[in-house]
Amino acid sequence: MKYSSFVLIFLSTFSVCSCQQPAKKAAASDIKVGGNCEGCEAIYESPIAFDQLKEVDTLPDFTEDGPKLEVNGIIYKADGKTPAPGVVLYIYHTDQKGKYSKKGDEKGWGKRHGYIRGWVKTDQNGFYKFYTLVPASYPNSNNPKHIHPTIKEPGLTEYWIDEFLFEDDPLLPEAEKEKRQPVGGNGVLKTEMKDGMLKATRNIILGLNVRDYPKK
Ligand SMILES: [Fe+2]
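The present account deals with the structure reproduced in this document. (Residues numbered from 1 in each chain as written. Predicted model: local features only at pLDDT ≥ 70, side-chain atom pairs only at ≥ 80, totals over all residues. Heavy atoms only, no water.)

Glancing now at the state of the cysteines. Inspection of every chain in the model, using the stated rule, returns one disulfide. The partner cysteine of Cys37 in its disulfide is Cys40, sulfur to sulfur 1.8 Å. Across the S-S bond linking Cys37 and Cys40, the dihedral sits near 60°, which makes this disulfide right-handed. Note on accessibility: Cys37 and Cys40 belong to one class, buried. (Disulfide = S-S within 2.5 Å. Buried < 20%, exposed > 50% of the residue type's maximum accessible area, 1.4 Å probe, protein only.)

Here is the structure:
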């Protein structure tokens, strides 16, 4: 085999490689929405490229001791009716001691957010689901337990929406349950025990009460 043929075969073999590549940054053409959001860019630290993300993820703490939780829902477009496919949702939260614990090898925002984080991308029906443990609230605080979410939809920069909260949390302020302008829709989860696991649904409406969100 000639050297040039070998090079051609080598290149063509690797050009079709479906190896997992980390997510990239926002495109320069993305419209800036949501105002300032410290740490929202952590969404791009997904170990799996966005185009290969699935609608379901299991966060690393799921096999540890603690209350197991399944959260699922539909992400809708701004009309509140049309399912939105291809939307990336990044979530992270504290461990069972209320800390953003680390394994020690974290890079970037992982040093702040810890190892309990995950990424999903809605399917054709706008559906997403993730498995994790119910987090604990910060030590010695009145802060309710929460899961931080960040959204990235095509054509727009990443933005935050209201945290996932827990209706049965004694630290949850009453005002959160009937919030007048929830960002992305109300994030208070009503969990139900099923098959040995707490389950809850949160549907999300893209752009709802999100700053600078483009009007159609
Ligand atoms: Fe937090």
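Once the structure has been displayed, the description carries forward.
Our next topic: the sheet that holds strand β4 (residues 117-121). The four strands are arranged β4-β3-β6-β7 in an open sheet whose pairing can be described as antiparallel. Each edge of the open sheet is held by one strand with a lone partner, namely β4 and β7 (159-160). In this sheet, β7 lies alongside strand β6 (residues 147-152) in antiparallel orientation, the contact comprising two bridges. Within the sheet, the bridge partner assigned to Ile151 lies in β7 and is Tyr159. (Pairing = 2+ DSSP bridges. Helix = DSSP H or I, 4+ residues; strand = E, 2+ residues; numbered from the N terminus.)

A few words now on empty space enclosed by the protein. On inspection of all chains with the given rule, the structure shows one cavity of 30 Å³ or more. If you add up the space inside the largest cavity, you get close to 30 Å³. Taken together, Asp162, Glu163, Leu165, Glu176, Lys179, Asn186, Gly187 and Val188 form the lining of the largest cavity. Split into classes, the residues belonging to the lining of the largest cavity amount to two nonpolar, two polar and four charged. (1 Å grid on protein atoms, 1.4 Å probe; cavity = no way out; pocket = protein on both sides within 12 Å on 5 of 7 lines; lining within 4 Å. Points joined across faces, edges and corners; volume = space filled by probe spheres on them. Nonpolar A, V, L, I, M, F, W, Y, C, P; charged D, E, K, R; others polar.)

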